[in-house]
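Given next are the chains, with one letter for each unit.
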Amino acid sequence: MLSVKENTTVEFSLTLLDKFAETVARYPEGRQKSALLPILHLVQAEYGWLSVDAMDKVAAYLDIRPIEVYEVASFYTMFFLQPKGKYVLEICRTGPCCLVGAERMMQHIEDKLGVKEGEVTADGLFSWRGVECLAACGYAPVLQIGPEYTFYENLTEEKVDQLVDELKQKAQTK
């Protein structure tokens, strides 16, 4: 579902527009919509998330309807439709992970960070969300942390605390 809490005015840079043109050129004439996924990745890399204004401008650039962009952006979990933290903790919430404690881990993450799923911590460092299968059922519960998408298995509350503390230290040294 499209869920945006804030919107910003977006003006694509000439560099970004050049990347768009390179991307569209890979596809046959009249098939510019085929460039939608890579262009959305470029926009998200530039702005951190996909605002409605950014998606509308992508639609205008590709000469497609805005709903076509919204449908794609809201379908794929790699796209963020609201601002996110510098580090995004994604925990598998499918059956096998839940059977061995994923729901408990999600509650622990919420308590540790002090934000609900999809929200951003006051310092802008963290957000978290439950995601569908991370393909490691035998090592559940599992977590991946973006933007590097490092993967952690056999989670415990202590491991989550250690990961969050390490990321806070990492952010302070940068």
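Within an unreviewed UniProt entry, the label attached to the protein chain reads NAD(P)H-dependent oxidoreductase subunit E, and the organism entered is Sphingobacterium haloxyli. According to its UniProt record, the protein chain has this under Sequence similarities (unreviewed entry): "Belongs to the complex I 24 kDa subunit family."

Sequence positions flagged by UniProt for "binding site: [2Fe-2S] cluster" (unreviewed entry) are, in local numbering, Cys92, Cys97, Cys133 and Cys137. A maximum C-alpha distance of 9.3 Å places the annotated residues, which cover 46 residues in sequence, within one compact spot. Take Cys97: it is sitting in helix 5 (residues 95-99). The exposure class of Cys97 is buried, given its relative accessible area of 1%. Setting aside residues up to four positions removed in sequence, Cys97 forms contacts with Cys92, Ala102, Ala140, Pro141 and Val142. Turning to its location among the elements, Cys133 is positioned in the loop between strand 2 (126-131) and strand 3 (143-146).

Here the focus is the nonpolar core. Leu36, Leu40, Val43, Leu50, Val58 and Val69 are the most contacted members of the largest nonpolar core, which totals 22 residues. Mapped onto this core, the elements with two or more residues apiece are helix 1 (14-24), helix 2 (36-47), helix 3 (52-62) and helix 4 (66-75). With five residues, the top contributor of residues to this core is helix 3. When near neighbours in sequence (up to four residues on either side) are disregarded, Val69 contacts Leu36, Leu40, Met55, Val58, Ala59 and Ile64. Among the nonpolar cores identified, the runner-up in size contains 19 residues, and Leu89, Leu125, Leu143 and Leu167 belong to it.

Rules of the game
Residues numbered from 1 in each chain as written. Predicted model: local features only at pLDDT ≥ 70, side-chain atom pairs only at ≥ 80, totals over all residues. Heavy atoms only, no water. UniProt positions renumbered as here; feature names shortened; annotations may be inferred. Helix = DSSP H or I, 4+ residues; strand = E, 2+ residues; numbered from the N terminus. Buried < 20%, exposed > 50% of the residue type's maximum accessible area, 1.4 Å probe, protein only. Contact = heavy atoms within 4.5 Å. Core = buried A, V, L, I, M, F, W, Y, C linked by side-chain atoms within 4.5 Å.

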